[in-house]
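Listed below, chain by chain, are the residues.
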Amino acid sequence: MDTILITTITITSITGVLAFLLTLADRTINNYGEVKITINDEKEYVVEGGSSLLSSLMEQQIFIPSACGGKGTCGYCKVKILEGGGPVLPTEIPFLTEDELKQSVRLSCQCKVKQELKIQIPEELFNVKEYEATVESIEDMTSVIKKLRLRLKEDEEINFKPGQYIQLKAPIYKGNDEEVYRAYSIASPPSQKNYIDLIIGYVPNGIVTTYVHKFLNEGDTVYLNGPYGEFCYQDDNDREMIMVAVGTGIAPILSILNYLRENNIKRKATFYFGAKTPDDLFLLDELKNFEETLFDFKFIPTLSRITEEHSWSGEKGRVNNAIEKYIMDGENKEAYLCGNPPMIDTVVSVLKKIGIPEELIFFDKF
Ligand SMILES: Cc1cc2nc3c(=O)[nH]c(=O)nc-3n(C[C@H](O)[C@H](O)[C@H](O)COP(=O)(O)OP(=O)(O)OC[C@H]3O[C@@H](n4cnc5c(N)ncnc54)[C@H](O)[C@@H]3O)c2cc1C
Ligand code: FES
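Predicted model, so just to flag it, every value in this text is computed and none were measured.

Novice: Provide a residue-level description of the side chain of Lys 147, including the pertinent values.
Specialist: Checked against the element boundaries, Lys 147 lands in strand 7 (residues 145-152). A residue is classified by how much of its surface remains accessible, and Lys 147, at 13% relative accessible area, is buried. If we skip the residues at most four places from it in the chain, Lys 147 touches Ser 137, Ile 138, Glu 139, Met 141, Asp 197, Leu 198 and Ile 199.

In structure tokens:
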């Protein structure tokens, strides 16, 4: 037993030391010098080689979506590298489909800038900007969810589609030794261009949520970039909208609901909001008010952990149960889902069974 333990510890230590030496050697011995990056065959940038493509582009104020802050765990930072990307790394493979591999799609956080690169990115990413903002207010929604209003500098505006997200930066603080970005959906409507609202849940030991929940105060300065995301309101049709969220997944739904109201859009819509107990529900008055002020809107909160102690006369069970109860068929309907991956997976399969085609089910998993 002891021999196995000692062997394991020895191998782990040697591997660790080797990895450290390789990183050190790469940083000190390899001097890649200045490297040219050509984007979409027209824009050229010269950067110092040696960093990831993601961070090299960020230094040039070109922001690629990156929900995990470059850790290689979200798969959001895809770009096409047409020349100079080198072989695909094992860390990229799980996030790339066969089609994407054929089209030279890569994870920009995993690719190091070592030689001249030719890349392609969607044109709209040139509109993504970095913003400085002041924390105007912080409100407790529940014991673990806060709503923040971030006011941009006086002459700054952010243009986004309802449903999109920004990336918020956590600075270095006690317990966090590097700047980190995480994605947060915008809860305010696009008509408000000088501020954004975010709804942020606390994740124990999470870098950015600890910063927001334990260190951030009203009046503080924060940095964010955006907007990003393909999950957004589809304005090219008048199908009935099925909206589903749990927890902080309500954020982009709120933006969409406000957009519908402000633009007097006459679409039938239902919002299923799932939580465990009454204490986990929030913004109920605001949501009920949409029933009065929207064209044809129904709000259905549903609770999955109700006991006799709770006085709750509303829907009981998970959001998928409520959907199965109320939606009879998928005809002329489309769906917007936001929340944790297991909830999204279950609801997607329920909606497909009801008859809503996959391409009309839009979601952001987080
Ligand atoms: C498009 C998009 C939109 C998003 N919008 C929102 C939003 O509006 N509001 C919001 O609160 N979050 C949102 N998120 C999630 C957010 O980006 C962060 O992932 C989350 O806040 C955790 O960040 P962190 O830095 O605190 O945790 P990290 O430091 O990244 O994580 C610490 C640890 O916690 C684990 N972990 C991470 N998230 C969770 C979780 N939710 N539950 C349990 N364990 C977890 C990680 O695996 C890791 O082990 C969104 C994500 C995406 C991709
Ligand atoms: S930034 Fe998350 S995988 Fe690249």
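Following the structure, the description resumes.
Novice: Tell me what's going on with a nonpolar patch on the surface, and back it up with residues and numbers.
Specialist: A surface patch of nonpolar side chains, about 210 Å² in accessible area, is lined by Val 88, Ile 93 and Leu 101. Note that Leu 101 resides in helix 3 (residues 98-102). Given the relative accessible area of 34%, Leu 101 is considered partly exposed.

Novice: If you had to explain the packing of aromatic side chains to someone new, which residues and values would you point to?
Specialist: The tally for this structure, following the rule as stated, stands at 11 aromatic pairs. Aromatic side chains Tyr 173 and Tyr 211 sit 6.1 Å apart centroid to centroid with 20° between the ring planes, which places their arrangement in the stacked category. Separated by 38 residues along the polypeptide, Tyr 173 in the loop between strand 8 (165-170) and strand 9 (180-185) and Tyr 211 in helix 4 (residues 207-215) bring together distant segments of the chain. Look at Tyr 211 and you get buried, because its relative accessible area is 8%. Among the aromatic residues, those joined into a ring-pair cluster are Phe 271, Phe 273, Phe 282 and Phe 299. In this structure, Lys 169 packs its charged tip against the face of Tyr 223, placed 5.1 Å from the ring centre. Above the ring of Tyr 202, the side-chain terminus of Lys 214 is found at 4.6 Å from the ring centroid.

Novice: Describe the site of ligand 1, and please don't skip the residues or the numbers.
Specialist: Near ligand 1, the surroundings consist of 20 residues, among which Arg 182, Ala 183, Tyr 184, Ile 199 and Thr 209 are the closest. Interatomic distance of 2.6 Å between a backbone N/O atom of Ala 183 and an oxygen atom of ligand 1. Summarising the interface, the protein chains cover 67% of the accessible area of ligand 1, which totals 930 Å² for the free molecule. Mapping ligand 1 onto the cavity grids shows that it belongs to the largest pocket.

Novice: I'd like a description of the domain arrangement of the chain, backed by residues and values.
Specialist: Per the domain assignment, the segments of the chain are domain 1 (32-123), domain 2 (128-228) and domain 3 (240-365). For domain 1 and domain 2, the distance between their C-alpha centroids amounts to 26 Å. Domain 1 puts 11 residues into the contact, and the matching count from domain 2 is 10 residues. Between domain 1 and domain 2, a total of about 790 Å² is buried, with carbon and sulfur atoms accounting for 53% of that surface. Of all residues in domain 1, Met 58, Phe 63 and Ala 67 give up the largest surface area on contact with domain 2, accounting jointly for 52% of the area buried on that side. Residues belonging to the side of domain 1 that touches domain 2 are distributed by class as follows: seven nonpolar, three polar and one charged.

Novice: Describe empty space enclosed by the protein, with residues and values.
Specialist: Going through the model one piece at a time under the given rule, you end up with one cavity of 30 Å³ or more. Along its surface, the largest cavity is lined by Leu 260, Arg 261, Asn 264, Ile 265, Thr 293, Leu 294 and Phe 295. In terms of residue class, the lining of the largest cavity is built from four nonpolar, two polar and one charged.

What counts and what doesn't
Residues numbered from 1 in each chain as written. Chains lettered and ligands numbered in written order. Predicted model: local features only at pLDDT ≥ 70, side-chain atom pairs only at ≥ 80, totals over all residues. Heavy atoms only, no water. Helix = DSSP H or I, 4+ residues; strand = E, 2+ residues; numbered from the N terminus. Buried < 20%, exposed > 50% of the residue type's maximum accessible area, 1.4 Å probe, protein only. Contact = heavy atoms within 4.5 Å. Patch = residues over 30% accessible without salt bridge, like charges linked within 9 Å, V, L, I, M, F, W, Y side chains within 5 Å. Areas by Shrake-Rupley, 256 points an atom, 1.4 Å probe, with all protein chains shown as cover. Salt bridge = Lys/Arg side-chain N within 4 Å of Asp/Glu carboxyl O. Phe/Tyr/Trp six-rings, centres within 6.5 Å; stacked < 30°, edge-to-face > 60°. Lys NZ or Arg CZ within 6 Å of the ring centre and 35° of its normal. Near = heavy atom within 4 Å. Polar contact = N/O pair within 3.5 Å; in protein donor to acceptor, adjacent residues only side chain to side chain. 1 Å grid on protein atoms, 1.4 Å probe; cavity = no way out; pocket = protein on both sides within 12 Å on 5 of 7 lines; lining within 4 Å. Sits in = over half its atoms within 2 Å of the grid points. Domains from an automatic or database assignment. Buried area = accessible area lost by both parts, 1.4 Å probe. Nonpolar A, V, L, I, M, F, W, Y, C, P; charged D, E, K, R; others polar. Points joined across faces, edges and corners; volume = space filled by probe spheres on them.

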